[in-house]
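# Structural characterization, general
What follows is each chain in one-letter form.
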Amino acid sequence: MALSRVCGARAALWGSAVALGPFVTRRLQLGRSGPAWRAPRSQIGLFDLPCRSSRLHLSPKADVKNLISYVVTKTRAINGTYHRFLGHHFPRFYALYTVFMKGIQMLWADGKKARRIKANMWKHNVKFHQLSYREMEHLRQFRRDATKCLFIGIISIPPFTNYLVFLLMYLFPRQLLVKHFWTPKQQIDFLDIYHSLRKQSHSEIITHLERASALVSDERLRWHLKDLCTKVQNGAHPTAHDILALRECFSTWPLGLNQLQALHMRALSRAMLLTPYLPPALLRWRLKSHTTVIHQLDRALAKLGVGQLTAQEVKSKLSCPSCCTTWSCFPPTTLRQGAE
C-alpha cells in the first residue's frame, strides 16, 4: 500500500511537470523570474543561492579612508594635548622642541626643493652657472647645510656618542647647527658675531694689500693701490671706478690667487667664514671654488636685477664678504662693464 502511494505521487509529479512545460518555457524566454515550481531545499546547490545586496557593505576604499581620517584626527588631538602639557609644565624645553620640529620641516622642504632643481638640471641639461639667482643661492646654501648635517651624523655613529653630540649641539649651536635650528634671538646674535669676525679680518686684508703693493711692477698701479689702501684705512669709501682700475693687480704676481702668501689666504678665509686652519694648498683650492661661486651669483643677480630682491634676500646679500676678496680669482677679461 505504501509502495502504491509512492508510485502515485511520482506519477502526479511527472504529470504536473509535463503539463507546466510550455508555461515554464515562456517565462524563461521573457526574462522573468524562474519557473513557477521550486525544487526542494535539499536539491538546491551552493552556487544557486541568491547573493546578498552589496549595499549592505562599504567598499574597501571607503573603509581605508575612514580609518585614515580617524587616525589623523586622533593623532592631532593627542599631539595638541602633548604640546599643551609641555608648554605648561616645561616651557624652556617646549621652546627648544618647537624650534627643532620647525627646523626639521624647513630642512625637509629645502631638500625637496633642491631635489626638484637638480631634476630640472638633469632633464634640461642645465649647468650650475646657468641657473637663476634664487635657484643657485638655494643649492649653494643647501649644500652647506647638508655638509654640516652629514658631519653631525658621522660623529654620532659610534655607540653612546649621540648623547655627547646632543650636548655639544646645545652648547655650540652656531658651529654645529644650521640656521633652521636657531632661535630668533640666536639668529640675530650669530649674525652680529659673523659681522664682527669679518670686520676684524678686513683690516688684516688691507694690511696685506698695502705690503704687497710695494711688489707691484707697474708704477701707476702701485701708486693707485697704495692710495686706495690709505683711503680705506682712513674710513673713506672708494668708488667703483677706482676699484675697477686695479683689476690687473689681482691677475698676476704678487696678488694673484696662485701667488698669495699663506697669511693673506688665511685672512681671506676668515673674511669668507671659511676654515683658515688648513694647509696652503687646500686654502687656495677652497678660495678658488668659493669665489667662483660668488662670481656666478653676482652675474645671476645682475641678470635678475637688484630691485627684484626681497627684504630677506637683501639682508643675506649684505652679509656676504666684501667684494674685494673676489678679485684675486679672475683675470681682467672676466670683469666687464656692470661688475660693480
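These numbers come from a predicted model, not from an experiment.

## Topic: the UniProt feature "transmembrane region" (unreviewed entry) in the protein
Mapped onto the present numbering, the UniProt feature "transmembrane region" (unreviewed entry) falls on residues 150-172. Span residues 150-172 is 74% helix and 0% strand, its end C-alpha atoms 17 Å apart.

## Here's the deal with the pattern of salt bridges
Counted under the stated rule, the structure contains 4 salt bridges. With its nearest N and O atoms 3.1 Å apart, the salt bridge here joins Glu 204 to Arg 270. With Glu 204 in helix 8 (residues 184-213) and Arg 270 in helix 11 (residues 262-271), the pair connects residues that are 66 residues apart, well separated along the chain. Its relative accessible area of 28% is what places Glu 204 among the partly exposed residues. Given the relative accessible area of 31%, Arg 270 is considered partly exposed.

## Things to note about unusual backbone geometry
A cis amide bond links Trp 253 with the next residue in sequence, Pro 254, at an omega value of 10°. Within the secondary structure, Pro 254 sits in the loop between helix 10 (240-244) and helix 11. Here the phi dihedral of Phe 160 falls at roughly 65°; this positive angle occurs in a residue that is not glycine. Mapped onto the elements of the fold, Phe 160 is located in the loop between helix 5 (133-155) and helix 6 (161-171). Phi is positive for Leu 273, which is not a glycine, with a value near 60°. For Leu 273, the position within the fold is in the loop between helix 11 and helix 12 (280-304). Accessibility expressed as a relative area gives 26% for Leu 273, which makes it partly exposed.

## Things to note about the packing of helix 11 against helix 12
Interhelical geometry of helix 11 versus helix 12 gives an angle of 45° and a closest axis separation of 10 Å. Comparing their axes, helix 12 and helix 11 come out oblique. Handedness of the helix 11/helix 12 crossing: left-handed. Between helix 11 and helix 12, the contacting residues are Ala 262, Met 265, Arg 266, Leu 268 and Ser 269 on the first element and Pro 280, Leu 283, Arg 284 and Leu 287 on the second.

## A closer look at the packing of helix 4 (residues 91-124) against helix 5
For the pair helix 4 and helix 5, interaxial distance at closest approach is 10 Å and the crossing angle is 125°. Viewed along their axes, helix 4 and helix 5 adopt a mutual orientation that is oblique. Judged by the twist between their axes, the crossing of helix 4 over helix 5 is left-handed. On helix 5, the residues touching Leu 107, Asp 110, Gly 111, Lys 113, Ala 114, Ile 117, Lys 118 and Met 121 of helix 4 are Glu 135, His 138, Leu 139, Phe 142, Arg 143, Asp 145 and Cys 149. Broken down by class, the residue content of the contact of helix 4 with helix 5 amounts to 7 nonpolar, 2 polar and 6 charged.

Rules behind the numbers
- Residues numbered from 1 in each chain as written.
- Predicted model: local features only at pLDDT ≥ 70, side-chain atom pairs only at ≥ 80, totals over all residues.
- Heavy atoms only, no water.
- UniProt positions renumbered as here; feature names shortened; annotations may be inferred.
- Helix = DSSP H or I, 4+ residues; strand = E, 2+ residues; numbered from the N terminus.
- Salt bridge = Lys/Arg side-chain N within 4 Å of Asp/Glu carboxyl O.
- Buried < 20%, exposed > 50% of the residue type's maximum accessible area, 1.4 Å probe, protein only.
- Axes fitted to C-alpha atoms, helices over the stretch in contact; angles between N-to-C directions.
- Parallel < 35°, antiparallel > 145°, perpendicular 65-115°, else oblique.
- Left-handed = near helix turned anticlockwise from the far one by under 90°.
- Contact = heavy atoms within 4.5 Å.
- Nonpolar A, V, L, I, M, F, W, Y, C, P; charged D, E, K, R; others polar.

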